[in-house]
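# Working through the structure, step by step
So the chains spell out like this:
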Amino acid sequence: MQVGIDKIGFYTPNKYVDMIDLANARNQDPNKFLIGIGQEKMTVADETQDAVSMGINATLDFVDEIDKDKVGLMIFGTESSVDQSKSASLFVKTALNLRPEVRTFEVKEACFGLTAALMMATDFVRLHPEQTAIVIGSDIARYGLNTGGEVTQGAGSISMLVKADPSILALNEGHSAYSDDINDFWRPNNSKTAMVDGKYSTQVYLDFFTKTFEDYKKQKNLKTEDFDALIYHLPFTKMGLKANRLAIADESEVVSEKLSKTFEASKKLSVNVGNVYTASLYLSLLSLLQNGELAPNDLIGLFSYGSGAMAEFFTGNVVEGFKQQLHPDKVQARLDARTKLTIPEYETIFTQSLADPVEGKELSSDEQAGVWYFAGVKNGVRLYKQK
Ligand code: COA
């Protein structure tokens, strides 16, 4: 029996900053951001969008197409949690009317959270093939105004349905994992912005990629040329490009060209959305599925990395007819619906979104009809509403 990804939902909030404007405002050469970092736009979340609302909105993309009574597990991976105790997934469960029998909770390991969720969900469905699982990754990447990491911010969510006989990607059993207790990126409880040693993080990411990729190939007796695509966690697309260059360094021209082309297809969405932490690898997957020239049964290698640090390499095979499950026009419409912010507007919205919500103050959203948003706090309880 095959188990894997059957549906993919995506949401990103309705505002963005253009990297050329940001470079000009920060006295940087725009090509540093466009080429050196590899980003063109970044989504900005205002105070009415958080990990919960974005996770609901991503799942809304497919929830009406599935049998809700079969959902036995829902896991929410995030680094941008809204509560120290209650799981973000419980708000999602209520908003989407899932049955109370669902087992649901939140997981955290920086950007690895959604992969942790996907692995647990896959094992769950292998044990309970008559049930399905929803896994959500939802994050706002905040490093702060005028920081080195500012250009690698973003916001968004990916939600996926995991089931037996999946329609998009059949995940293969086995994986290669690698972890170490290091300090490359972290966010203490008293900080709303991340602490990061970006250059060290890049080194560790590349090191863990080499370790897990080589180990996986050895375990499965595979060669690099056997992969039809390699995709990566993309906190900024240059990071994945560096890993992809390592992967193809000793390969023939044909293999290098093939894997460079698929990498280009996989980065298109991230270039325009920015860093979505837990969801980043799966935004690459969505981008590859939409923009790559994939054939049924093509082998995709996925590299997941969460700072701190935890990495995993695993694979899946593309399922025949997968295109029918995708909605590229809807994804594009969502990106096109974003309003471009001036840098002063972005700075005001960013600063506002860092402030704690005021008790009893109701927030209104400028999103389109149907979108869920954070409506404020009443008696200490966070409220979510649909436009
Ligand atoms: N044209 C083209 N490229 C240019 C350029 C120009 N005018 N100016 C600089 N560059 C290139 C640099 O050569 C460098 O390329 P390289 O990485 O291939 O060497 C790149 O742009 C970045 O320049 P650098 O000076 O290293 O940038 P920085 O000191 O501002 O730091 C990050 C960049 C990515 C390290 C920083 O933004 C960061 O820490 N971000 C957070 C990263 C993160 O989230 N890590 C953890 C999650 S996994």
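Just so we're clear, the structure is a prediction, and the values are computed from it rather than from any experiment.

## As for the site of the ligand
Taken together, 23 residues lie around the ligand, and Lys-32, Tyr-143, Gly-148, Lys-238 and Lys-242 are the ones closest in. Here Asp-29 contributes a side-chain N or O atom positioned 2.9 Å from a nitrogen atom of the ligand. Only helix 2 (30–37), helix 6 (198–220) and helix 7 (237–248) provide two or more residues apiece to the shell around the ligand. Looking at the shell around the ligand element by element, the count peaks at 4 residues for helix 2. Broken down by class, the residue content of the shell around the ligand amounts to 9 nonpolar, 9 polar and 5 charged. When residues of the shell around the ligand are assigned to domains, at least three map to each of domain 1 (3–169 + 326–386) and domain 2 (171–323).

## Describing the sheet that holds strand 3 (residues 41–43)
Spatial ordering of the open sheet is given by 3-2-15, a layout of 3 strands whose pairing is mixed. Each edge of the sheet is formed by a strand with only one pairing partner; in this case those strands are strand 3 and strand 15 (339–340). Across 2 bridges, strand 2 (residues 15–18) lies against strand 15 in parallel orientation. Within the sheet, the bridge partner assigned to Lys-15 lies in strand 15 and is Thr-339.

## Concerning the pattern of salt bridges
For the structure shown, the criterion picks out 20 salt bridges. Glu-150 is paired through a salt bridge with Arg-26; the nearest N and O atoms lie 2.7 Å apart. Within this pair, whereas Glu-150 is found in the loop between strand 6 (132–141) and strand 7 (154–164), its partner Arg-26 is found in the loop between helix 1 (19–25) and helix 2, the two being separated by 124 residues in sequence. Of the two residues, Glu-150 and Arg-26, both sit in the buried class. Salt bridges sharing common partners tie together Asp-6, Lys-7, Glu-65 and Lys-163.

## Looking at the pairing of strand 16 (residues 372–378)
With 6 of its 7 residues buried, strand 16 lies for the most part within the structure. By the bridge criterion, 6 bridges tie strand 16 to strand 17 (residues 381–386) in an arrangement that is antiparallel. Bridging across to strand 17, Trp-372 finds its partner in Gln-386. Counting the residues between successive antiparallel strands, the hairpin from strand 16 to strand 17 contains 2 residues, one of them, Asn-379, with a positive phi of roughly 50 degrees.

## A word on the domain arrangement of the protein chain
Domain annotation of the protein chain identifies domain 1 (3–169 + 326–386) and domain 2 (171–323). Taken over C-alpha atoms, the centre of domain 1 sits 20 Å from the centre of domain 2. Taken together, the 62 residues of domain 1 in the interface contact 51 residues of domain 2. Of the roughly 4500 Å² buried between domain 1 and domain 2, counting both surfaces, carbon and sulfur atoms make up 61%. Sorting the residues of domain 1 by area buried against domain 2 places Cys-111, Leu-169 and Leu-326 first, and these three jointly supply 17% of that buried surface.

## With respect to the nonpolar core
Residues Ile-8, Val-135, Ile-158, Leu-169, Tyr-282, Leu-285 and Ile-300 are the most contacted members of the largest nonpolar core, which totals 48 residues. Both domain 1 (3–169 + 326–386) and domain 2 (171–323) contribute no fewer than three residues apiece to this core. In this view, Ile-158 contacts Ile-8, Gly-9, Phe-10, Ala-58, Leu-114, Val-135, Ile-136, Gly-137, Ala-279, Tyr-282, Leu-283 and Leu-286; residues no more than four positions away in its chain are not counted. Counting 40 residues, the second largest nonpolar core, distinct from the first, contains Ala-23, Leu-234, Leu-259 and Phe-303.

## With respect to unusual backbone geometry
Omega for the peptide link from Gly-308 to Ala-309 comes to 5 degrees, which places this bond in the cis form. Within the secondary structure, Ala-309 is located in the loop between strand 13 (299–306) and strand 14 (310–318). The residue Asn-221 is not glycine, and still its phi comes out positive at about 55 degrees. Structurally, the position occupied by Asn-221 is in the loop between helix 6 and strand 12 (229–232). The phi angle at Asn-379 is positive, at roughly 50 degrees, despite the residue not being glycine. Its place among the elements puts Asn-379 in the loop between strand 16 and strand 17. On the basis of relative accessible area, Asn-379 is assigned to the exposed category, the value being 68%.

## Observations concerning helix 9 (residues 280–291)
Over its 12 residues, helix 9 runs 16 Å from end to end, which matches the ideal 16 Å to within 8%, given 1.5 Å per residue. Counting buried positions along helix 9 yields 11 of 12 residues, so the element is predominantly enclosed. Where helix 9 is concerned, the buried positions are Ser-280, Leu-281, Tyr-282, Leu-283, Ser-284, Leu-285, Leu-286, Ser-287, Leu-288, Leu-289 and Gln-290.

## Brief notes about the environment of Pro-100
Mapped onto the fold, Pro-100 is located in the loop between helix 4 (88–95) and strand 5 (103–107). Distance in space between the C-alpha atoms of Pro-100 and Asp-69 is 9.8 Å, their sequence separation being 31 residues.

## Some remarks on the packing of aromatic side chains
In the structure shown here, the tally under the stated rule is 18 aromatic pairs. Centre to centre, the rings of Phe-91 and Tyr-384 are 5.1 Å apart; their planes meet at 65 degrees, and the pair counts as edge-to-face. Highlighted residues: Phe-91 in helix 4 and Tyr-384 in strand 17, separated in sequence by 293 residues. We note that Phe-91, like Tyr-384, is buried. Each ring, one from Tyr-346 and one from Phe-350, has its centre 6.0 Å from the other, and the planes form 65 degrees; the classification is edge-to-face. With Tyr-346 and Phe-350 both in helix 11 (residues 343–354) and 4 residues apart, this pair spans about one turn of that helix. With respect to class, Tyr-346 is no different from Phe-350; both count as buried.

Conventions adopted
- Residues numbered from 1 in each chain as written.
- Predicted model: local features only at pLDDT ≥ 70, side-chain atom pairs only at ≥ 80, totals over all residues.
- Heavy atoms only, no water.
- Near = heavy atom within 4 Å.
- Polar contact = N/O pair within 3.5 Å; in protein donor to acceptor, adjacent residues only side chain to side chain.
- Helix = DSSP H or I, 4+ residues; strand = E, 2+ residues; numbered from the N terminus.
- Nonpolar A, V, L, I, M, F, W, Y, C, P; charged D, E, K, R; others polar.
- Domains from an automatic or database assignment.
- Pairing = 2+ DSSP bridges.
- Salt bridge = Lys/Arg side-chain N within 4 Å of Asp/Glu carboxyl O.
- Buried < 20%, exposed > 50% of the residue type's maximum accessible area, 1.4 Å probe, protein only.
- Contact = heavy atoms within 4.5 Å.
- Buried area = accessible area lost by both parts, 1.4 Å probe.
- Core = buried A, V, L, I, M, F, W, Y, C linked by side-chain atoms within 4.5 Å.
- Expected span 1.5 Å × (residues − 1).
- Phe/Tyr/Trp six-rings, centres within 6.5 Å; stacked < 30°, edge-to-face > 60°.

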